[in-house]
Amino acid sequence: MDAAPEVPNPAALQGDGTGCHSGKEQLLAAAKSAGKSEVLRQYAADYPKGPHDQPQSMCPAFGSLRVGLRMRRTMTILSGSACCVYGLTFTSHFYGARRSVGYVPFNSESLVTGKLFEDIREAVHAQADAAQYDAIVIINLCVPTASGVPLQLLPKEINGVRIIGIDVPGFGVPTHAEAKDVLAGAMLKYARGEAEAGPVATPRGGRASKPTVTLVGEMFPADPMVIGAMLEPMGLAAGPVVPTREWRELYAALDSPVVAAIHPFYTASVREFEAAGRTVVGSAPVGHDGTEAWLQAIGSAANVAQAQIDAVKNRMLPAIKGALARMPIRGRITMSGYEGSELLVARLLVESGAELRYVGTACPRTVWSDADRQWLEARGVHVQYRASLEQDLDAMHEFKPDLAIGTTPVVQAAKEACIPALYFTNLISARPLMGPAGAGSLATVINAAIANKARFETMSAFFGSTGIGDKAGVWEGVPQERPEFRADTRRQVIKLMNKRKAEEMI
Ligand code: SF4
């Protein structure tokens, strides 16, 4: 482990202007020398990197920001470069945040002199009003993390308001999905400490009369209700969904004897549940086989009698089979995404009859998705954890699917190649997936997209190569190709890369 200095070293990063567009190594080295070694070591253990060690989707901090913004009586403040904060607030409001994002600005001087930390402390004190807030979340983005702004030195509580300071740098947290876990885990840790210290607030609707199952992972609003209906005959109830929508739900989440890791990447959150002595179950009730295995695992973990578990299965499984058979999917599909639910959707597609050849997820492999991976691999599906954009595109070109489901650049490439495509995040992951309601829910949108192939071919024949490559955009004349300029730039880039490599070896 790197030797961390006793005190933070704000001068480790000289000036602003660095970010995810440049100097990842510089930021990482600066953060380590600025007292952030321990948090970076924990992130490296919780969120192991894959073939690409740089986020390929949106800024990871958006995950934490979104979790904070969706909680009642919670204020979220960003500390970072203005351009990062602009992008993050823009995206938040695009996704309907409907409340303000706090911001503590800085400049080179306030960063290197440590004044930024004083400004943050002042801002937090000014906002800490227990009549309005249960908690204030303050998020260090890349540059303040790299320069060691010590949020851990903030008071744990001010005027009865909990203060949660987290570092969410793009060079330490690979995806926005895992950044949700960073905040959810920090809040669970805080709430666990409170619950261990004495009585805590009860949930808004009072304590559940039955043992509950906490559901980990953001999901379609109807899914927890469907899960609740499946748990009810086993004498159980659906508990809170983590990330929670209110602070007091954290206590109820920790109180559930069984925790369902529906989304498998919540490593820090799972650590808190396990520290509270809870049993964590992976996978989810998707499709026939997934629901069968999940009901069994949950029932066993909650000590439900086998006869009761069997009774629920006998009721649910035929309904799911019927729904899947009524809504078949016909066609070859490749799929990729960064939400963490990719393997669950993949299982549903396969059970619906789709010829799924590849599923890529930006999230890492964990034990909580092992059953899904094994089930998919046994059916000839290639499962790629920490999938890079290049791997997703290669799969699409290799398997030539009737439909490519993916991230924005994958969808764009598919459409260019005349392959119908759907966005995973907006059109697929935002649908019911669980139990009888999930079975068949994807077929309509997917079959309609596959049926669009003829339209793509007509458009492709009509437009030809117009607007492709260098000719894309609006021009007054037809752009001239300049291969000699391109070759020259390429030569310079290769020279620069070789020089850097030689310097690294010294
Ligand atoms: S905070 Fe986000 S947008 Fe800003 S430099 Fe880091 S990863 Fe990039």
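Some points on the sheet that holds strand S1 (residues 74–79)
Argument step 1. Pairing is mixed in the open sheet, where 5 strands are placed in the order S2-S1-S3-S5-S4. Since the sheet does not close on itself, it has two edges, and those belong to strand S2 (102–103) and strand S4 (157–158), each with one partner.

Some details on the nonpolar core
Argument step 1. By size, the foremost hydrophobic cluster in this structure holds 143 residues, and its most contacted members are Ile-136, Ala-260, Ala-346 and Leu-349.
Argument step 2. The element that contributes the greatest number of residues to this core is helix H7 (residues 176–197), accounting for 8 residues.
Argument step 3. When neighbours within four sequence positions are excluded, Ala-260 is seen to be in contact with Val-213, Thr-214, Leu-215, Val-216, Val-281 and Ile-298.

Overview of helix H20 (residues 453–463)
Argument step 1. Burial analysis of H20 places just 0 of its 11 residues in the buried class, a small minority of the element.
Argument step 2. Where H20 ends, the next residue or the one after it, Gly-464, has phi of about 60°, a positive value.

Looking at the pairing of strand S10 (residues 332–337)
Argument step 1. Extensive coverage of S10 is indicated by the burial of 5 of its 6 residues.
Argument step 2. In this sheet, strand S11 (residues 355–361) lies alongside S10 in parallel orientation, the contact comprising 6 bridges. Looking at the pairing, Met-335 lines up with Val-359 of S11.
Argument step 3. For S10 and strand S13 (residues 403–406), the ladder comprises 3 bridges, and the chain directions are parallel. Among the inter-strand pairings, Met-335 is bridged to a residue of S13, identified as Ile-405.

Brief notes about the confidence of the model for the protein chain
Argument step 1. In the predicted model, the protein chain carries a mean pLDDT of 90, and the fraction of residues at 70 or more is 94%.
Argument step 2. Note that residues 1–8 has pLDDT below 50 and, in this model, 13 contacts with residues that lie over four places away or in other chains.

Considerations on the sheet that holds strand S8 (residues 258–260)
Argument step 1. Spatially, the 4 strands line up as an open sheet ordered S7-S6-S8-S9, and their pairing is parallel. Each edge of the open sheet is held by one strand with a lone partner, namely strand S7 (237–242) and strand S9 (279–281). Across this sheet, the average inter-strand angle for adjacent strands is 30°, counted without regard to direction.
Argument step 2. Pairing geometry for S8 and S9, over 3 bridges, is parallel. If you follow Ala-260 over to S9, its bridge partner there is Val-281.

Side note on the pairing of S13
Strand residues, when the strand is regular, have side chains that alternate between the two faces of the sheet.
Argument step 1. Burial along S13 is two-sided: Leu-403 and Ile-405 facing one way and Ala-404 and Gly-406 facing the other are all buried.
Argument step 2. In this sheet, strand S14 (residues 421–423) lies alongside S13 in parallel orientation, the contact comprising 3 bridges. Across the sheet, Ile-405 pairs through a bridge with Leu-422, a residue of S14.
Argument step 3. Crossover connection from S13 via helix H16 (residues 408–416) to parallel S14: handedness right-handed.

Focus: the environment of Tyr-423
Argument step 1. By secondary structure assignment, the location of Tyr-423 is in strand S14.
Argument step 2. Under the C-beta neighbour-count criterion, Tyr-423 is labelled partly exposed, with 16 such atoms within 10 Å.
Argument step 3. Note: C-alpha distance between Tyr-423 and Met-497 (74 residues apart in sequence) is 35 Å.
Argument step 4. Discounting chain neighbours no more than four positions away, the residues touching Tyr-423 are Thr-408 and Val-411.

Side note on the packing of helix H11 (residues 287–301) against helix H12 (residues 306–326)
Argument step 1. The geometry of H11 relative to H12 is characterised by a closest axis approach of 9 Å and an angle of 165° between their N-to-C directions. Put simply, H11 runs roughly antiparallel to H12. In this structure, the crossing between H11 and H12 has a hand that is right-handed. Here Gly-287, His-288, Thr-291, Glu-292, Leu-295, Gln-296 and Gly-299 of H11 lie close against H12, whose contacting residues are Gln-308, Ile-309, Val-312, Lys-313, Met-316, Leu-317, Ile-320, Lys-321 and Leu-324.
Argument step 2. In terms of residue class, the contact of H11 with H12 is made up of 7 nonpolar, 6 polar and 3 charged.

Points about helix H13 (residues 342–351)
Argument step 1. The buried fraction of H13 amounts to 10 of the 10 residues, a majority that puts the element mostly inside the structure.
Argument step 2. Of the residues trailing H13, Gly-353 is marked for its positive phi of about 105°.

Definitions and limits used
Residues numbered from 1 in each chain as written. Predicted model: local features only at pLDDT ≥ 70, side-chain atom pairs only at ≥ 80, totals over all residues. Pairing = 2+ DSSP bridges. Helix = DSSP H or I, 4+ residues; strand = E, 2+ residues; numbered from the N terminus. Core = buried A, V, L, I, M, F, W, Y, C linked by C-beta atoms within 7 Å. Buried ≥ 20, exposed ≤ 12 C-beta atoms within 10 Å, placed from the backbone. Contact = placed C-beta atoms within 7 Å. pLDDT = per-residue confidence, 0-100. Axes fitted to C-alpha atoms, helices over the stretch in contact; angles between N-to-C directions. Right-handed = clockwise from strand over helix to strand, strands pointing away. Parallel < 35°, antiparallel > 145°, perpendicular 65-115°, else oblique. Left-handed = near helix turned anticlockwise from the far one by under 90°. Nonpolar A, V, L, I, M, F, W, Y, C, P; charged D, E, K, R; others polar.

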